[in-house]
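Observations on the three-dimensional arrangement
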Amino acid sequence: MKAILIGVCIGKESDFKEKIAEMINLADACEIEIVQTITQNLNSFHKRTYINSGKLEEIKEILEDETSEVDTVIFDAELAPAQLRNIEEILEISVIDKTSLILRIFDIRAKTREARLQVEIAKLRYKLPRLRGTYEAMDKQGGGLMNKGTGEKKIDLDGRHITNRIDSLTKELKDVQKTRETQRKQRQKKDVKSVALVGYTNAGKSSTMNQVMHLQEKEDKKVFEENMLFATLTTNTRNVTLKNARSFVLSDTVGFVSDLPHSLIQAFQSTLEEVVQADLLLHIMDVSNPEHVKQREVTLETLKEIGADEVPMINVYNKCDLTDIAFPTCVEGDLYISSKDDQSIEMMFDKIDAILFKAITTQVFIPYEKGSVVSFLNEHANIIATDYQELGTLLDIEIDHSLFHQIEEFVHQ
Ligand SMILES: Nc1nc2c(ncn2[C@@H]2O[C@H](COP(=O)(O)OP(=O)(O)OP(=O)(O)O)[C@@H](O)[C@H]2O)c(=O)[nH]1
Ligand SMILES: [Mg+2]
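Keep in mind it's a predicted model, so treat the numbers as computed, not measured.

**Brief notes about the nonpolar core**
Counting residues in hydrophobic clusters, the biggest one holds 76 residues, and the most contacted among them are Ile6, Ile74, Phe75, Phe106, Phe230 and Val275. The element contributing the most residues to this core is helix α5 (residues 113–127), with seven residues. Setting aside residues no more than four positions away along its own chain, isoleucine 6 makes contact with Ile38, Ile51, Ile59, Val73, Ile74, Phe75 and Asp76.

Following this line, the structure appears as structure tokens:
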């Protein structure tokens, strides 16, 4: 497929060039070649057609040129259903906006049953508010032959059909995801800590997971990593054991992108549950990409949208080998690494260990009849001070994070 890309610069966008470059990458992921880029500077977009009519005429002329092989027009924006319809009518060519371009990539990449179901649901959610256009166009083509209201009835009918289909696919998806949910609940019961890799697409999350698996000598547990947008579409969870025998689970997750369609975020919410429920997030960033600061913002916003903005997080600046930055290093809690480097992963392990399993310093009051608890503390905690009181013992202790829940009820208020 060949396309013209329309970039609209609203106000002063300092990162406009990079936005266009990202759109070309997204189109490339759909095997659409951008043969020409047309840009327009606007103070605000036009309500009816997003860009102004003069610009649309200009595009129309290009399309009407007999040598033009363009079969679609792509907009670097999310168009309202009516805008998309109006533009298609004027240009007489199919128009793709950023949302549907991203949906297309997910559609191409989704291979597992879970990913397929999620993408189908997202596509239907995208389609629902756009039904009206289809039938209005039909009414027009029919030259008024259709009874007034036929289109309306069809919209209702199809709308209901789509809603039912979304419901049944959502049920199916829940079944597929049940195993993971059960596993997560069991882990939580046993207080197994969980860590999730999050970040912009292509930042190196799966590569980090794979280097971890390599160090764990679990080559067969490696996941798919590739230099492409959205290589990973589902969550993969693996056990990791540290040298001191402490263990946790590590999850590799779907990457984010700017303007990730809301329908996709909704459909992927359960896959991303592993992120929401994690004890710690490793935010993987591609520091060699000049856009990494903007990408970081996008990731933080998306984490907020899924409700994971309160989870503790380590900033991991990856791909340092492609820059002049020394690695592995830890600067003010942030890690600078290359996911391809064993020492980087070892440093990351130390940091995870320190955060997940850090000792907790607290004061507990143990009534005399609970002597067994004092024995437990003598054996498993570091007792800093003991004060025998009338009804029990007041102890200042230092205890491992993983054991804290066993004595939590005795914490002295
Ligand atoms: N040079 C270099 N390349 C890296 C590094 N980490 C990852 N890569 C490459 O970057 C590309 C993307 O890596 P992935 O691990 O698939 O990225 P991801 O974050 O999982 O991407 P999505 O699954 O699309 O969200 C691959 O070609 C990797 O080989 C690194 O530290 N240095
Ligand atoms: Mg990946």
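Moving on from the model shown.
**Some words on the coordination of the magnesium ion (ligand 2)**
Listed as protein donors to the magnesium ion (ligand 2) are Ser206 (OG) and Thr232 (OG1); their distances from the metal cover 2.0 to 2.1 Å. Here serine 206 is found in helix α8 (residues 205–215), whereas its partner threonine 232 is found in the loop between α8 and β6 (236–241), with 26 residues between them in sequence. For serine 206, a relative accessible area of 6% gives the class buried. The exposure class assigned to threonine 232 is buried, which follows from its relative accessible area of 10%.

**Focus on the sheet that holds strand β10 (residues 329–331)**
The strand order across the open sheet formed by seven strands is β6-β7-β5-β8-β9-β11-β10, and the pairing between neighbours is mixed. The outermost strands of the open sheet, each flanked by one partner alone, are β6 and β10. Between one strand and the next, the sheet's axes are offset by a mean angle of 25°, whatever the strand orientation. Across two bridges, the pairing between strand β9 (residues 313–318) and strand β11 (residues 334–336) is parallel. Bridge assignment links tyrosine 317 to a residue of β11, and that residue is tyrosine 336. Here helix α12 (residues 342–356) sits on the sheet in contact with β5 (193–198), β6, β7 (247–252), β8 (280–286), β9, β10 and β11, set at roughly 150° to β8.

**Remarks on the side chain of aspartate 334**
With respect to the secondary-structure elements, aspartate 334 resides in strand β11. One buried charged side chain, aspartate 334, makes no salt bridge at all; its nearest oppositely charged neighbour is arginine 296, positioned 6.7 Å away. Engagement of the side chain of aspartate 334 in a polar contact is seen with the side chain of asparagine 315, the distance being 3.2 Å.

**As for the domain arrangement of the protein chain**
Split into domains, the protein chain comes out as domain 1 (2–96), domain 2 (113–174), domain 3 (178–356) and domain 4 (360–410). Domain 3 and domain 4 are separated by 35 Å when their C-alpha centres are compared. Opposite the four residues of domain 3 that make contact, domain 4 presents four residues. In total, domain 3 and domain 4 occlude about 300 Å² of area from one another, counting both sides; carbon and sulfur atoms represent 37% of this. The tally of links between domain 3 and domain 4 comes to one salt bridge. For the pair domain 3 and domain 4, the interface holds two residue pairs in polar contact (both at pLDDT 80 or more). Of the residues that constitute the side of domain 3 that touches domain 4, the class distribution is one nonpolar, no polar and three charged.

**Considerations on the site of ligand 1**
The immediate surroundings of ligand 1 are formed by 23 residues, with Thr201, Lys205, Ser207, Ala231 and Thr232 found nearest. Threonine 201 is positioned such that a nitrogen or oxygen atom in its side chain is 2.8 Å from an oxygen atom of ligand 1. Here lysine 340 contributes a side-chain N or O atom positioned 3.0 Å from an oxygen atom of ligand 1. In isolation ligand 1 has 660 Å² of accessible area, and contact with the protein removes 90% of it.

**A look at the packing of helix α1 (residues 16–29) against helix α4 (residues 98–109)**
At a closest axis distance of 9 Å, the pairing of α1 and α4 adopts a crossing angle of 40°. Between α1 and α4, the interaxial angle falls into the category oblique. The interaxial crossing formed by α1 with α4 has left-handed handedness. Only Lys98, Leu101, Ile102, Ile105, Ile108 and Arg109 of α4 make contact with α1, whose side of the interface consists of Glu22, Met23, Leu26, Ala27 and Ala29. Tallied by class, the residues present in the contact of α1 with α4 amount to eight nonpolar, no polar and three charged.

**Focus: helix α7 (residues 150–189)**
For α7, with 40 residues, the first-to-last C-alpha span of 56 Å sits near the 58 Å given by 1.5 Å per residue. Along α7, the largest kink reaches about 45° and is centred on glutamine 177. Along α7, the positions that sit buried rather than exposed are Gly151, Ile155, Gly159, Ile162, Ile166, Leu169, Leu173, Gln177, Arg180, Arg184 and Arg187. At the C-terminal side of α7, aspartate 191 shows a positive phi close to 60°.

**Here we look at the packing of aromatic side chains**
Applying the stated criterion across every chain, the model contains five aromatic pairs. A centroid spacing of 4.9 Å and a plane angle of 5° characterise the contact between phenylalanine 45 and tyrosine 50, whose relative ring orientation is stacked. Assessed through its relative accessible area of 44%, phenylalanine 45 is described here as partly exposed. Given a relative accessible area of 9%, tyrosine 50 falls into the buried group. One aromatic cluster is present, built from ring pairs that chain together Phe45, Tyr50 and Phe75. Of note, arginine 130 hangs over the ring of tyrosine 126, and the distance from its end group to the ring centre comes to 3.7 Å.

**Quick word on the packing of helix α2 (residues 53–64) against helix α3 (residues 81–91)**
Orientation of α2 relative to α3, taken along the N-to-C sense of each, is 45°, at an axis distance of 10 Å. In this view, α2 runs oblique relative to α3, as classed from their interaxial angle. As α2 runs across α3, the sense of the crossing is right-handed. Touching Leu56, Ile59, Lys60 and Leu63 of α2 are Ile87, Ile90 and Leu91, all from α3. For the contact of α2 with α3, a count of residues per class yields six nonpolar, no polar and one charged.

**Re the environment of isoleucine 399**
Along the chain, isoleucine 399 falls in strand β14 (residues 392–399). For isoleucine 399, a relative accessible area of 0% gives the class buried. Excluding anything up to four places from it in sequence, isoleucine 399 contacts Lys358, Ala359, Ile360, Phe376, Leu377, Ala381, Phe404 and Ile407.

Procedures and definitions
- Residues numbered from 1 in each chain as written.
- Chains lettered and ligands numbered in written order.
- Predicted model: local features only at pLDDT ≥ 70, side-chain atom pairs only at ≥ 80, totals over all residues.
- Heavy atoms only, no water.
- Core = buried A, V, L, I, M, F, W, Y, C linked by side-chain atoms within 4.5 Å.
- Buried < 20%, exposed > 50% of the residue type's maximum accessible area, 1.4 Å probe, protein only.
- Helix = DSSP H or I, 4+ residues; strand = E, 2+ residues; numbered from the N terminus.
- Contact = heavy atoms within 4.5 Å.
- Donors = N, O, S within 2.8 Å, 3.2 Å for Na, K, Ca; no water.
- Pairing = 2+ DSSP bridges.
- Axes fitted to C-alpha atoms, helices over the stretch in contact; angles between N-to-C directions.
- Lys, Arg positive; Asp, Glu negative; His and termini not counted.
- Salt bridge = Lys/Arg side-chain N within 4 Å of Asp/Glu carboxyl O.
- Polar contact = N/O pair within 3.5 Å; in protein donor to acceptor, adjacent residues only side chain to side chain.
- Domains from an automatic or database assignment.
- Buried area = accessible area lost by both parts, 1.4 Å probe.
- Nonpolar A, V, L, I, M, F, W, Y, C, P; charged D, E, K, R; others polar.
- Near = heavy atom within 4 Å.
- Areas by Shrake-Rupley, 256 points an atom, 1.4 Å probe, with all protein chains shown as cover.
- Parallel < 35°, antiparallel > 145°, perpendicular 65-115°, else oblique.
- Left-handed = near helix turned anticlockwise from the far one by under 90°.
- Expected span 1.5 Å × (residues − 1).
- Bend = angle between axes of the 7 residues up to and from the residue.
- Phe/Tyr/Trp six-rings, centres within 6.5 Å; stacked < 30°, edge-to-face > 60°.
- Lys NZ or Arg CZ within 6 Å of the ring centre and 35° of its normal.

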